[in-house]
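Structure at a glance
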Amino acid sequence: MSSKITIAALLVSIAVVAVVMVLHERSGSSSYSDLTRTDLPAVRTAGEASIKVLPRKEPSASSTQQVSKMPVITYEQFNEQKRCFENQNTPSSLLEEIAELRAANSPVDQNAIRFKETQLADLKKCSENQRAATQDDLSKMLEKVALQGQRAAQLEYAQNPMIDPFHTIDNLERLRAWRDRALSYVNSAIDKGDGEAMVILAGANDPFRCAASNEPFCSGMLKDIVEPDAEKAFRYYYQSELVGNAPQWVKVELSALERLLTQDQIAAAKLAAKTSSSNTVTR
Amino acid sequence: MKPTSTPNDTTGRRLRRRIAWFATLTIAVPTFGTWVFWQLLRDEKQADSMSAEGSATNSSAIQPDKGASNNGTAGSNKQSLGTSSLPALPAEGTPLSNTFDDLVRLSKAGSSAASMRLFSDLTKCNIRAAKVAVVDSYSFSPTADGGTAGSQQGTQELGQWGQVAKKALDELEASDQLCHGVTAAQINQRGEYLRQAALQNDPEAMVCYATSYELGPKYLSNEWFDYASRWKQEAPFFAQKALDLGQADILQPLIGAFTPDDPNTLKTYRLTEAVKPNQQLAYALALLYQRLVPADQRKRAHQDVAKLSIGLQPEELVAAKNTAESLWPRFAHSSGDKRVTRPCPTFIFPEYSD
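Now for a look at the structure at hand. (Residues numbered from 1 in each chain as written. Chains lettered and ligands numbered in written order. Predicted model: local features only at pLDDT ≥ 70, side-chain atom pairs only at ≥ 80, totals over all residues. Heavy atoms only, no water.)

**Focus: the overall build of chain A**
To keep it simple, the criterion reads: The helix and strand labels rest on DSSP assignments: H or I over at least four residues marks a helix, E over at least two residues marks a strand, and numbering proceeds from the N terminus. With a 1.4 Å probe rolled over the protein chains alone, any residue whose accessible area is under 20% of its type maximum counts as buried; one over 50% counts as exposed, and the rest are partly exposed. Whether two residues touch is decided by their heavy atoms; if any such pair falls within 4.5 Å, the residues are in contact. Per-residue and other accessible areas follow the Shrake-Rupley method at a 1.4 Å probe size, with only the shown protein chains counted as cover for residues.
Scanning chain A from N- to C-terminus turns up 13 helices and 0 strands. Listing every helix and strand of chain A by position from the N terminus yields α-α-α-α-α-α-α-α-α-α-α-α-α. For chain A, buried positions account for 42% of its 283 residues. Of the contacts formed within chain A by residues at least 6 apart in sequence, a portion of 70% connects residues at least 24 apart. As displayed, chain A offers around 15,400 Å² of accessible surface, 55% of which is attributable to carbon and sulfur atoms.

This is how it looks when you write it as structure tokens:
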């Protein structure tokens, strides 16, 4: 009897200590500096404000849950939605342009009129729902398609999750999910021998930020989570050339990177690229 | 029938219970005590490492604040909060590695000026680090000289753009001295010092903190996510407090934040993401703001007032005017001050300065 009581009491006390420890760790107090622990003062400053600054309403449901509950979407459906979204304001301006061209009544403009009419007809296919979509909807669609495993969508998402930059703070959860997934999507595509993914990862590592490409985009937001690393950039640009179909500017970027690296580093990068390529081929 | 127990049984049971409790306490208390001690020790080490990191040189004694200029923006209502007995801050521009420990100590002792100095200096070092990266990038860039990709000219060692960037870096010599030996980990803490200054009742810090979540740790790091989610809760609080204290440079960010969502409006300050829109309040503050801005900037302010009045009912317009009138005495002292239009020390948002 006494041993049972002793064991029970021991278990209870250990459990209590464990709970206290877990709660303490969860509070984050030991994982950050002293400063972060300071709470806001409970009492506001003196002085009657005739204006109240109220916080925005919290989103009703977790945004990542919303994405996982969405129905299956194809990459084509997403692209169609994207086209409708990006041209939301275009139909009226297209109509004006067509009217102007018709008013000019020049035979030279006939081709331009036909082109714009086709464009307009194409845009008119966008449904009411597609027209009403927001950037948030589009961003969730892209995330959903990427989650479904479509490689092109994953690479697009990895570079830019399309989260509305003016509502970043409402999308921290999804932004964190993007940060945790982006590189794995790119690496998985590289493992399958995807040259585009190699250029994307090289660009993210490139200390010159794809300067030779004349594209300001250069691996998009991946740059925010990947530190510049000339050797890695060299390796993946080089690997994309081995795979074939690398853009012309990659050669220029490689020659610029060579000046940052030692002969040993270049040799190591080339070897790593060749090894990865041969592994990809044999897989 | 109830079982009966003899006095010997009862005594034995009591004894066994006592032994059980004794055994429990013998194990649990030292375990708990050790854990508490370990936590205290770890916290102490963290606090020390935060102050000591990167400051390899011995910290100098704090000198009287001879050259320290007031960083304050419009209508700074800094409160001493009983910190007048604290030593003055070191002169501005003093290498941070020499003064860091002392500034941290002062900040911990309640000096908002020390907290704000830490934030400002670390932010200058952060800007400097970014500029160095740009210079490095341009110096070796294949198209640095404006040549087309692949051209001989494009691969020159230091192109025209590189020279421009180099010049920019040369201009940062002062920060070179200020930032020598400052670590990335220290820079990562700058937002915490800004927040600390805000908590220590520095209205300028309140505005600066409330207007941006990008002045904290490295963007998208785990620390940044923690910082940003806490900021979301706190930004409206500090904006309110700055408003209550009559800190005029909160008006512009608040007008933007109260303005209802409009895709065509440039949302300049992050406060927009944390505050519930309210057109009537936006209009009221815009009325107040146009009275405060210097004459040469009034045209734009008038346009904003006109735009915000659209869609409001007559009684709402009257109510907003009354609100603006009731707030005026609190802000009148900032009238005509150019700094009304510049939240935060100018170097932090140089693109918004005129």
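**So, the overall build of chain B**
Broken down by element type, chain B carries 13 helices and 0 strands. Listed by position from the N terminus, the elements making up chain B come as α-α-α-α-α-α-α-α-α-α-α-α-α. For chain B, the proportion of its 354 residues judged to be buried stands at 47%. Of the contacts formed within chain B by residues at least 6 apart in sequence, a portion of 73% connects residues at least 24 apart. Of the roughly 17,300 Å² that chain B leaves accessible, carbon and sulfur atoms contribute 55%.

**Considerations on the nonpolar core**
Keep this limit in mind: Here, nonpolar core means buried Ala, Val, Leu, Ile, Met, Phe, Trp, Tyr and Cys residues that are tied together by side-chain atoms lying within 4.5 Å of each other.
Counting residues in each nonpolar core, the largest one holds 132 residues, and the members touching the most others are V186 and Y237 of chain A together with L254, F258, L271 and L285 of chain B. With 11 residues, helix α9 (residues 222-244) of chain B is the single largest residue contributor to this core. Excluding residues within four positions of it along the chain, L254 of chain B makes contact with V53 of chain A together with A239, L243, L271 and L285 of chain B.

**Some points on the packing of helix α8 (residues 203-211) of chain B against α9 of chain B**
All names here are of chain B. Definition in use: Between N-to-C directions, angles cover 0 to 180 degrees, with each direction set by a line fitted to C-alpha atoms, over the stretch in contact for helices. For classification purposes, an angle smaller than 35 degrees is called roughly parallel, one larger than 145 roughly antiparallel, one from 65 to 115 roughly perpendicular, and anything else oblique. The sense of a crossing depends on the near helix, which, turned anticlockwise from the far helix by less than a right angle, makes the crossing left-handed and, turned clockwise, makes it right-handed. All residues other than Ala, Val, Leu, Ile, Met, Phe, Trp, Tyr, Cys, Pro, Asp, Glu, Lys and Arg, Gly among them, are scored as polar; the first ten of these are nonpolar and the last four charged.
The N-to-C vectors of α8 and α9 enclose an angle of 135°; their axes lie 8 Å apart at closest approach. Comparing their axes, α9 and α8 come out oblique. Crossing angle aside, the handedness with which α8 passes α9 is left-handed. Contact with α8, carried on its side by P203, M206, V207, Y209, A210 and T211, involves Y227, R230, W231, E234, A235, F238, A239, K241 and A242 of α9 and no other residues of that element. Residue composition of the contact of α8 with α9, grouped by class: 11 nonpolar, 1 polar and 3 charged.

**Side note on helix α2 (residues 96-108) of chain B**
Residue and element names in this part refer to chain B. Where we set the bar: Take the number of residues in a helix, subtract one, and multiply by 1.5 Å to get its expected span. The bend reported for a residue corresponds to the angle between axes fitted to the seven residues ending at that residue and the seven starting there.
Counted at 1.5 Å a residue, the expected span for α2 with its 13 residues is 18 Å, and the 17 Å between its end C-alpha atoms agrees. Where α2 bends most, the angle comes to about 25°, and this point is D102. Where burial is concerned, most of α2 is hidden: 10 out of the 13 residues are buried. Along α2, the positions that sit buried rather than exposed are L96, S97, T99, F100, D101, D102, L103, V104, L106 and S107. Positive phi shows up at G110, right after α2, with a value of about 110°.

**Here's the deal with the packing of aromatic side chains**
Where we set the bar: Pairing of aromatic side chains here covers Phe, Tyr and the six-membered ring of Trp, requires ring centres within 6.5 Å, and sorts the geometry by plane angle: under 30 degrees stacked, over 60 edge-to-face, intermediate tilted.
Using the criterion set out here, one finds 12 aromatic pairs over all chains in the structure. Aromatic pair F234 of chain A and Y238 of chain A: ring centres 6.0 Å apart, planes at 10°, arrangement stacked. Linking F234 of chain A with Y238 of chain A, this pair stays in helix α11 (residues 230-243), spanning 4 residues, or about one helical turn. Judged on exposure class, the residue F234 of chain A and its partner Y238 of chain A are both buried. Ring geometry for F100 of chain B against Y193 of chain B: centres 6.5 Å apart, planes inclined by 90°, an arrangement best described as edge-to-face. Taken together, the residues F100 of chain B in helix α2 and Y193 of chain B in helix α7 (residues 190-199) connect sequence positions 93 residues apart. Each member of the pair, F100 of chain B together with Y193 of chain B, is buried.

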